[in-house]
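Examining the three-dimensional arrangement
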Amino acid sequence: QVQLVESGGGLVQPGGSLRLSCAASGSIFSIHAMGWYRQAPGKERELVAAITTGVSTNYADSVKGRFTISRDYAKNTVYLQMNSLKSEDTAVYYCNARITSGPPSYRRDDYWGQGTQVTVSS
C-alpha cells in the first residue's frame, strides 16, 4: 500500500513562514510528480504547487513569489516552503503524488495525504 504522510502545519501570524513536508512510502516503482493542494471552508480544492521528476514547477498565481516547492528524491519527500503568509492562505493543505506502484500491477495512480491544517491569524 502506498501512503503519503504530511507534517508541518500549524498556526502562524500574518507575514510569517511555515514549511510543510510529505513523505511517500510503500510499494513504489516510480514517482512521476508530487504537489500540494489546499481547500478552505466553502471553497473548491485548488492546486497550490507541483513538481515533476524533470524538476519543472507550477504555482498558483496567488502564491507565486511567496511559496517554494522542492523534492528530496532519496527520501521520496516533497516540501512546501511558505513565506509572507496571508490570512487567505488559511486552509487544509493536501499532499498529492502521481505514482506507479511496484510489481505485479505497475499501475499509475494519484495518491492523497490526509491533510494538514494551516491557520494564518493574529
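Scoring rules and cut-offs
- Residues numbered from 1 in each chain as written.
- Predicted model: local features only at pLDDT ≥ 70, side-chain atom pairs only at ≥ 80, totals over all residues.
- Heavy atoms only, no water.
- Helix = DSSP H or I, 4+ residues; strand = E, 2+ residues; numbered from the N terminus.
- Rg over C-alpha atoms; globule rule 2.2 N^0.38 Å.
- Buried < 20%, exposed > 50% of the residue type's maximum accessible area, 1.4 Å probe, protein only.
- Contact = heavy atoms within 4.5 Å.
- Areas by Shrake-Rupley, 256 points an atom, 1.4 Å probe, with all protein chains shown as cover.
- Polar contact = N/O pair within 3.5 Å; in protein donor to acceptor, adjacent residues only side chain to side chain.

1. Brief notes about the overall build of the protein
Looking only at helices and strands, one finds zero helices and eleven strands in the protein. Counting helices and strands in the order they occur from the N terminus, the protein gives β-β-β-β-β-β-β-β-β-β-β. The C-alpha radius of gyration of the protein comes to 14 Å, within 12% of the 14 Å expected for a compact globule of 122 residues. Each of the three principal axes of the protein carries a C-alpha extent, and together these read 50 × 25 × 25 Å. Within the span of the protein, comprising 122 residues, buried residues form 39% of the whole. Partitioning the intrachain contacts of the protein with sequence separation of at least 6 by distance along the chain shows that 55% fall at a separation of at least 24. As displayed, the protein has an accessible area near 6,600 Å², and 46% of this comes from carbon and sulfur atoms.

2. Here's the deal with the environment of Val 78
Relative to the assigned elements, Val 78 resides in strand E8 (residues 77-82). In the structure, Val 78 is positioned 54 residues away from Ala 24 in sequence and 8.6 Å away in space, judged by C-alpha atoms. Here Val 78 is in contact with Leu 20, Ser 21, Cys 22, Met 34, Trp 36, Ile 51, Ile 69, Ser 70, Arg 71 and Cys 95, once residues within four sequence places are set aside.

3. Considerations on the side chain of Thr 100
Its location among the elements puts Thr 100 in strand E9 (residues 91-101). Only 2.7 Å separates the side chain of Thr 100 from the side chain of His 32, close enough to count as a polar contact. If we ignore the near neighbours within four places in the chain, the residues touching Thr 100 are Ile 28, Phe 29, Ser 30, His 32, Tyr 106, Arg 107 and Arg 108.

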